[in-house]
Amino acid sequence: VAQVRLGEAEAAIGSLQKAVALNPNDGYPHKNLGAILARQGRGGEAVKHLRLAAQLLPADPQSWFNLAGALEETGDPDGAELGSTCVKTGGRRLA
């Protein structure tokens with residue numbers, strides 16, 4: 001994340017990809033990687049990691065918020081609505 005602030009987004013992406021490979025069940029690297037990918041206009045890649053982050057960190061509203069934004073940017077309004085609902089309910093999906 002510090003690398004992004006220094007204008008080194010690609011280096012940050014590489015570092016986070018390594019973190020994901022080392023510990024694929026840790027939601028935080030997925031969340032950060034997905035957020036950076038989304039900011040870089042790489043929505044399809046971002047959604048993959050943000051979905052995993054939301055699954056691994058279901059009570060983390062930021063994961064759902066990031067996922068909702070990425071889904072909306074990729075043209076998936078139903079997915080964006082689901083993500084927004086989860087943000088509003090603290091990670092719980094409404095039936």
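Scroll up a little and you will see the structure.
Quick notes on the rules
- For every chain, the first residue of its written sequence is number 1, and the numbers climb from 1 along that sequence.
- Residues qualify for local features only when their pLDDT is at least 70, as the model is predicted, and side-chain atom pairs are given and counted only at 80 or more; totals for whole chains, interfaces and linings, by contrast, use all residues.
- Heavy atoms throughout the structure, all of them, feed into the side-chain values; hydrogens and water do not.
- Here, nonpolar core refers to any group of buried Ala, Val, Leu, Ile, Met, Phe, Trp, Tyr and Cys residues whose side-chain atoms link them within 4.5 Å.
- Type-normalised accessible area, obtained with a 1.4 Å probe on protein chains alone, sets the label of each residue: buried when under 20%, exposed when over 50%, and partly exposed for intermediate values.
- The secondary structure listing takes helices from DSSP runs of H or I that are at least 4 residues long and strands from runs of E that are at least 2 residues long, numbered from the N terminus.
- The criterion used for residue contact is that any of the two residues' heavy atoms lie within 4.5 Å.
- Helix axes are fitted to C-alpha atoms over the stretch in contact, other axes to C-alpha atoms as well, and angles between N-to-C directions run from 0 to 180 degrees.
- When an angle is under 35 degrees it counts as roughly parallel; over 145 it counts as roughly antiparallel; between 65 and 115 it counts as roughly perpendicular; any other value is oblique.
- A clockwise turn of the near helix away from the far one marks a right-handed crossing, whereas an anticlockwise turn of less than a right angle marks a left-handed crossing.
- Polarity classes work like this: nonpolar for Ala, Val, Leu, Ile, Met, Phe, Trp, Tyr, Cys and Pro, charged for Asp, Glu, Lys and Arg, and polar for all others, with Gly in that last group.
- The term salt bridge refers to a side-chain nitrogen of Lys or Arg lying within 4 Å of a carboxyl oxygen of Asp or Glu.

Here the focus is the nonpolar core. Core analysis: the biggest nonpolar cluster contains 16 residues, and L33, A46 and L67 have the highest contact counts within it. Those elements giving two or more residues to this core turn out to be α2 (9-22), α3 (27-39), α4 (43-56) and α5 (61-73). Setting aside residues no more than four positions away along its own chain, A46 makes contact with G34, L37, A38 and A70.

A few words on the environment of A19. Note on placement: A19 falls in helix α2. A19 gets classed as partly exposed once you look at its relative accessible area, which sits at 26%. Remark: the alpha-carbon pair of A19 and H30, spanning eleven residues in sequence, is separated by 8.7 Å.

Before going further, it helps to spend a moment on the packing of α3 against α4. For any two helices packed against each other, the geometry is given by the interaxial angle and the distance between the axes. Axis separation between α3 and α4 bottoms out at 8 Å; the angle between their running directions is 150°. Our classification of the angle between α3 and α4 gives roughly antiparallel. In this structure, α3 crosses over α4, and the sense of that crossing is left-handed. Where α3 approaches α4, its residues G27, H30, K31, L33, G34, A35, L37 and A38 are matched on the opposing element by E45, A46, H49, L50, L52, A53 and L56. Looking at the contact of α3 with α4 residue by residue, the class counts come to nine nonpolar, four polar and two charged.

Further remarks concern the pattern of salt bridges. With the rule as written, the count across this model stands at three salt bridges. The salt bridge partner of E10 is R42, with a shortest N-O separation of 3.1 Å. Here the residue E10 occupies a position in helix α2, and R42 occupies one in the loop between α3 and α4, the gap between them amounting to 32 residues. According to the relative accessible area criterion, R42 is partly exposed, its value standing at 23%. The shortest N-O distance in the salt bridge between D60 and K31 comes to 2.8 Å. With D60 in the loop between α4 and α5 and K31 in helix α3, this residue pair connects regions lying 29 residues apart in the sequence.

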